[in-house]
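# Examining the three-dimensional arrangement
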Amino acid sequence: MGSEIKNVGVIGAGQMGCGIAQVSAASGYRVQLYDLSPERIEAALATVNGNLARQVASGKMTEDERKAALALISGSADVNDLASADLVIEAATEDESVKRKIYASICPVLKPEAILATNTSSLSITRLASATDRPERFMGIHFMNPVPVMKLVELVRGIATDEKTFTSAKDFVTKLDKTITVAEDFPAFIVNRILLPMINEAIYTLYEGVGSVDAIDTAMKLGANHPMGPLQLADFIGLDTCLSIMQVLHDGLADSKYRPCPLLVKYVEAGWLGRKSGRGFYDYRGPVPVPTR
């Protein structure tokens, strides 16, 4: 048996952290959402409230359950508030130096027996664990975006992760009513190792003039039954995130098939990062998204 988890800390009040906080509280865990920015925390709590209200409206939860879940989440910009957490999930930006800085600041505050997990989508768990004071109690718990909707969680052990940590993480994810897939600690794990090269190939198809944005997305939606075309999906993920995962694959596996498409690099350099910045492979500034190529 793993150690029982009651209090969950979530680091980073962005899209992922917000979703992880929501599903944890809805499953009865007490959640401390930590971020350096009080504004981001406030925005995240408002988002959670809105999401839960929609679930009540659609009959997925009762008003009492919504109130109970909200009562379990508190936000804080003070790292010391993570001291009571049994499990802390770091959901900061996909940048190793940022994550290392976070671990340096939070490890001294955590209980010795607390588990520290990362929501990284591509970085080495073993390498991140080595930047902490608890590599045997460190692992990857990778949620998919948007967290409340997506059923899958990838569990990834580093070389030092012990069995008790892994069992505790499995118990936690099972209680969230998510499906677990276990991945080995190789660049981008399972989902992104397969998905991102497909997106990158779609961008090459656009770059080489094989098809337009509209043609490529329609082809994959209707020809492969994908719910969203690969370029639309890239915009949803964020083109900067897509590029960083391709770079991790290219650097980590040293295979030219993972070379990021120059057009992807150009869009990121332009600041056209997809939906979040208003423009990517589509322009989102009008009433309907319009292809940019």
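Residues numbered from 1 in each chain as written. Predicted model: local features only at pLDDT ≥ 70, side-chain atom pairs only at ≥ 80, totals over all residues. Heavy atoms only, no water.

As annotated in an unreviewed UniProt entry, the protein carries the name 3-hydroxybutyryl-CoA dehydrogenase and comes from Rhizobium setariae. Entered under Sequence similarities (unreviewed entry) in the UniProt record, the comment concerning the protein runs "Belongs to the 3-hydroxyacyl-CoA dehydrogenase family." (UniProt positions renumbered as here; feature names shortened; annotations may be inferred.)

## Some thoughts on the pairing of strand β6 (residues 138-143)
Burial analysis of β6 places six of its six residues in the buried class, the great majority of the element. In β6, alternate side chains face the same way, and those of Phe138, Gly140 and His142 on one face and Met139, Ile141 and Phe143 on the other are all buried. Pairing geometry for strand β5 (residues 115-118) and β6, over three bridges, is parallel. By the bridge assignment, Leu116 is partnered in β6 with Phe138. (Buried < 20%, exposed > 50% of the residue type's maximum accessible area, 1.4 Å probe, protein only. Helix = DSSP H or I, 4+ residues; strand = E, 2+ residues; numbered from the N terminus. Pairing = 2+ DSSP bridges.)

## Description of the packing of aromatic side chains
Scanning the entire structure with this criterion turns up six aromatic pairs. For the pair Tyr204 and Tyr207, a centre-to-centre distance of 6.1 Å together with 70 degrees between the ring planes defines the contact as edge-to-face. Of this pair, Tyr204 and Tyr207 both sit in helix α7 (residues 191-207), three residues apart, which is roughly one turn of that helix. Owing to a relative accessible area of 43%, Tyr207 belongs among the partly exposed residues under this scheme. Aromatic side chains Tyr267 and Trp272 sit 5.6 Å apart centroid to centroid with 90 degrees between the ring planes, which places their arrangement in the edge-to-face category. The rings of Tyr267, Trp272 and Phe281 are connected pair by pair, giving a single aromatic cluster. In this structure, Arg157 is placed above the aromatic ring of Phe166, and the distance from its NZ or CZ to the ring centre is 3.7 Å. (Phe/Tyr/Trp six-rings, centres within 6.5 Å; stacked < 30°, edge-to-face > 60°. Lys NZ or Arg CZ within 6 Å of the ring centre and 35° of its normal.)

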